[in-house]
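One-letter residues, chain by chain:
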Amino acid sequence: MPPDDSDLIVHPAGRDHELRLAMEDLQMDRWRAAQQLLRSTGSNWALRTSRSQVLAVGAARSQAIEAWCEEEPDDVDALVMRARVLTQRALHFFRDGARGDELRRITYAADRACRTAANAWPNDPVPGVCLLALAQTDVDRQRPHKPVNWAAHRDGFLPPGPWTLLDWVNQRDPYNREAYHRVLQVLQARGTGALDFAMWVASMAPEGTAVTLLPLYAFVETYRQYVARSKTLSVIAFWATEEKAHYVRHARRWWFEAPAQAPARSGQAQQHRDPRNHSLVDLNYLAHALTATGLGNAGQVFTAIGAYATPAPWSYVGANPDWWQDDFRSARNRALSVSNRGL
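Criteria and cut-off values
Residues numbered from 1 in each chain as written. Predicted model: local features only at pLDDT ≥ 70, side-chain atom pairs only at ≥ 80, totals over all residues. Heavy atoms only, no water. Helix = DSSP H or I, 4+ residues; strand = E, 2+ residues; numbered from the N terminus. Rg over C-alpha atoms; globule rule 2.2 N^0.38 Å. Buried < 20%, exposed > 50% of the residue type's maximum accessible area, 1.4 Å probe, protein only. Contact = heavy atoms within 4.5 Å. Areas by Shrake-Rupley, 256 points an atom, 1.4 Å probe, with all protein chains shown as cover. Lys, Arg positive; Asp, Glu negative; His and termini not counted. Charge placed at Lys NZ, Arg CZ, Asp CG, Glu CD. Axes fitted to C-alpha atoms, helices over the stretch in contact; angles between N-to-C directions. Parallel < 35°, antiparallel > 145°, perpendicular 65-115°, else oblique. Nonpolar A, V, L, I, M, F, W, Y, C, P; charged D, E, K, R; others polar. Expected span 1.5 Å × (residues − 1). pLDDT = per-residue confidence, 0-100. Phe/Tyr/Trp six-rings, centres within 6.5 Å; stacked < 30°, edge-to-face > 60°. Lys NZ or Arg CZ within 6 Å of the ring centre and 35° of its normal.

Participant: Tell me about the overall build of the chain, and name the residues and values.
Facilitator: Summing up its helical and strand segments, the chain has 18 helices and 0 strands in all. Here the chain has a C-alpha radius of gyration of 20 Å; the compact-globule value for 343 residues is 20 Å, and the two agree. When the backbone C-alpha atoms are referred to their principal axes, the chain occupies close to 60 × 45 × 40 Å. The 343 residues of the chain split such that 52% are buried. Contacts in the chain between residues at least 24 apart in sequence constitute 68% of all its contacts with a sequence separation of at least 6. Accessible surface, the chain as shown: approximately 16,100 Å² in total, 50% of it carbon and sulfur. A distance of 4 Å separates the average location of the 39 positive side-chain charges in the chain from that of its 37 negative side-chain charges.

This is the structure we're talking about:
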């Protein structure tokens, strides 16, 4: 039977109950739950990366992390959360239009916090992920910029970018999901190389790794930009191409249908396939892509999502962003209806 579609659960923590509680505490300037959560996460790098990112969203507008760092200045988890929060605030300022000396001051403080956290725990990939996020603010090479954000690509077919930083993260957690998404965002902000990068990553990523879905994100962003520029664009014409179908099929087979213990070059297959790391956003992107391209067979993906819909990509591709939940329900009902008829 289809799940009840009267209520959807929309929350950054998804089905990670411990993370949800820690976020709520941070928003009330309490940090003990976040401390316990990160200590229990340990060196599961994929889970540490995703949890710390969501915690930063909850803490960016509070003073909880500052209080934690004041009380425990040498705690590696406090230091990484300080890097996370300062990075999140820098991105907020950048998206709100901050530029010039104001932006450089903010990003400098975040950069220093990232490097302090990296020195405190050299194996932790999260500080490097934060530096990749900050590279989004370094969009103009003609103005004061960081050379590390504009390194030449070793194979030469992609534009200059934060490749040295990506290599640094890869040495600690190969195919770290957020790291690759941050690079994609950097290239999208610069307006060059994003789709080529996404396709290249998908073609070489080991089975079971979430970065296989990068082209789906690139396709959605391309569509969103077309619509934002008021260009006439048929939804069917955009999605009904063999190129898109190829990458959607690949994402379904290579990621969603991958065995639970799919081998990965990192030697951390179990971490990558931990259900808590099976990103709900990735599931929502795959469900949308299967329905938009007409490939179908999205019922199992919607079942995996359950009630945990995410605004992206539905709010980017629908006729009205405010109706995205209705768009999600409609796509889910169609997909589950087809699945049930096949039983």
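We are not done yet, so read on.
Participant: Can you tell me about the environment of R224, naming the residues and giving the values?
Facilitator: For R224, the location among the structural elements is in helix α11 (residues 214–228). For the pair R224 and Y316, spaced 92 residues apart in sequence, the C-alpha to C-alpha distance is 5.9 Å.

Participant: So what's going on with the packing of helix α8 (residues 163–172) against helix α9 (residues 177–190)? Which residues, and what values?
Facilitator: Viewed as axis vectors pointing N to C, α8 and α9 meet at an angle of 170 degrees, and their least axial separation amounts to 10 Å. Relative to α9, the element α8 lies roughly antiparallel. Residue-level inspection shows W163, L166, V169 and N170 of α8 in contact with α9, the latter providing A179, Y180, V183 and L187. Within the contact of α8 with α9, the residues separate by chemical class into 7 nonpolar, 1 polar and no charged.

Participant: Would you mind going over helix α13 (residues 242–256) in detail, with residue names and values included?
Facilitator: For α13, with 15 residues, the first-to-last C-alpha span of 20 Å sits near the 21 Å given by 1.5 Å per residue. Those residues of α13 hidden inside the fold are in contact with α10 (194–204), α11, α12 (235–239), α15 (280–292) and α16 (299–305).

Participant: An account of the confidence of the model for the chain is requested, with residue identities and associated values reported.
Facilitator: Low pLDDT means the predicted atomic positions in that stretch should not be read closely. For the chain, mean pLDDT is 91; residues scoring 70 or higher make up 91% of the total. Predicted confidence is poor over residues 1–5, with pLDDT under 50, and the contacts of this stretch with residues over four places away or in other chains come to 8 contacts. For the stretch residues 262–273, pLDDT sits under 50, and the model shows 34 contacts to residues farther than four places along the chain or on other chains.

Participant: Kindly report on the environment of T164, identifying the contributing residues and their values.
Facilitator: Here T164 shows up in helix α8. On a C-alpha basis, the gap between T164 and P122 in space is 16 Å, while along the polypeptide they are 42 residues apart. Contacts of T164, omitting those with residues within four sequence positions, involve V148 and A151.

Participant: Outline the environment of Q36, supporting the account with residue identities and numerical values.
Facilitator: Note that Q36 resides in helix α2 (residues 32–41). On a C-alpha basis, the gap between Q36 and E18 in space is 9.6 Å, while along the polypeptide they are 18 residues apart.

Participant: Can you explain the side chain of H181? Please cite residues and give values.
Facilitator: Relative to the elements of secondary structure, H181 occurs in helix α9. Here H181 falls in the buried class, since its relative accessible area comes to 8%. If we ignore the near neighbours within four places in the chain, the residues touching H181 are L214, Y217 and D282.

Participant: Now, about the packing of aromatic side chains: what can you tell me, with residues and values included?
Facilitator: Evaluated as defined, the whole model comprises 16 aromatic pairs. Arranged with centres 6.3 Å apart and planes meeting at 45 degrees, the rings of F197 and W200 form a pair that is tilted. Taken as a pair, F197 and W200 lie in helix α10 at a separation of 3 residues, close to a single helical turn. Since its relative accessible area comes to 16%, W200 is described here as buried. Between R190 and the ring centre of W150, over which it is positioned, the NZ or CZ distance is 3.6 Å. Seen from the ring of F238, K244 lies directly overhead, with NZ or CZ sitting 4.3 Å from the centre.

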